[in-house]
Amino acid sequence: KSLPSVETLGSVDIICTDKTGTLTEGKFQLNELLPFSQLKTEELWRFALFACEPVITDSMERAIFEKAPIKWDDAKWSLVHDYPFETEGKHMSHAWRAESGETLVAMKGSIEGVLVHCDLTKEKREQILSQTKALASQGYRLLGLAGQVKPITGKREQDEQKLNFLAILTFSDPIRPSAREAVQTCQKEGIVVKMITGDHPLTAHAIADQLGLEHSHDALYTGTDLNQLSLESRKEAFQRGAIFSRVTPEQKYELIKALKVQGKIVAMTGDGVNDAPALKIA
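Heads up: these notes are all about the structure in this document. (Residues numbered from 1 in each chain as written. Predicted model: local features only at pLDDT ≥ 70, side-chain atom pairs only at ≥ 80, totals over all residues. Heavy atoms only, no water.)

Let us look at the overall build of the protein chain. A count of helical and extended segments in the protein chain gives twelve helices and eleven strands. Rg of the C-alpha trace for the protein chain: 20 Å, near the compact-globule value of 19 Å for 282 residues, within the 12% margin. Buried positions account for 48% of the 282 residues belonging to the protein chain. Of the roughly 14400 Å² that the protein chain leaves accessible, carbon and sulfur atoms contribute 50%. A distance of 1 Å separates the average location of the 34 positive side-chain charges in the protein chain from that of its 39 negative side-chain charges. (Helix = DSSP H or I, 4+ residues; strand = E, 2+ residues; numbered from the N terminus. Rg over C-alpha atoms; globule rule 2.2 N^0.38 Å. Buried < 20%, exposed > 50% of the residue type's maximum accessible area, 1.4 Å probe, protein only. Areas by Shrake-Rupley, 256 points an atom, 1.4 Å probe, with all protein chains shown as cover. Lys, Arg positive; Asp, Glu negative; His and termini not counted. Charge placed at Lys NZ, Arg CZ, Asp CG, Glu CD.)

What follows is the structure, encoded as structure tokens:
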């Protein structure tokens, strides 16, 4: 609808691209449920299913349902509270009640975000984070799973307190066959490619290596890193960085804006709701 945008694309200096579903196929396959709990396997899978939406629309949740050895058991359980995805903590949770009156909370999300709500020893926490780094560095997409049988209050901050960390779910998401060639072509023509993703930084780094995306190892920024920088330092980071992980919609918007202020012609590609502000300004 905007012909000037199409014309300007021919002079683009920088492409900021989402990772999942853009550089990768977005077709998730659940490889493993790695337990960190003494619960029986069937109970772990029940918490994994209960952490998902009752009506599946998300590809990662679909992969969980396809892999689960047990079936959805909504005849004996009813969803009491649906606590939606929180962009800051990158997690979501559900509170359920059984016909018997038993209640539980099931949570899934980024490992770091889920750990904030778990009651763990320092040793256990370090063990989980160490395993997370090892798996993410292989390019796996990871979800943390937590939950507990507990009374439900209807207040999110209370229902999500002192949960048990149950497992790490590992997913593979193959690179699009055309993506590596596209990235190489852009870089050969002098177009800078920057990857923006909500994934773990080591996962993003591994995918960048597979794509041949040019990046400096000391210029990989997370959303938390950016928040700790001054305004001027953030602008410098946006210029230097090639991989930005665990970023918020606001940070995506600020990145595009900072690059445009420098006189760069910036293109943005993404397929998620959280990409919309950055897409509009690009």
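Moving on from the model shown.
As a further point, take the sheet that holds strand β4 (residues 91-98). Strand order in the open sheet made by the six strands is β2-β7-β6-β5-β4-β3, with antiparallel pairing throughout. Edge positions in the sheet fall to β2 (29-35) and β3 (77-86), since each of these pairs with one other strand and no more. Direction aside, neighbouring strands of the sheet carry axes that sit 20° apart on average. Where β3 meets β4, seven bridges bridge the pair, whose relative direction is antiparallel. Along β4, the bridge assignment pairs aspartate 82 with histidine 94. (Pairing = 2+ DSSP bridges. Axes fitted to C-alpha atoms, helices over the stretch in contact; angles between N-to-C directions.)

Functional significance is not addressed by these values, which are geometric in nature.
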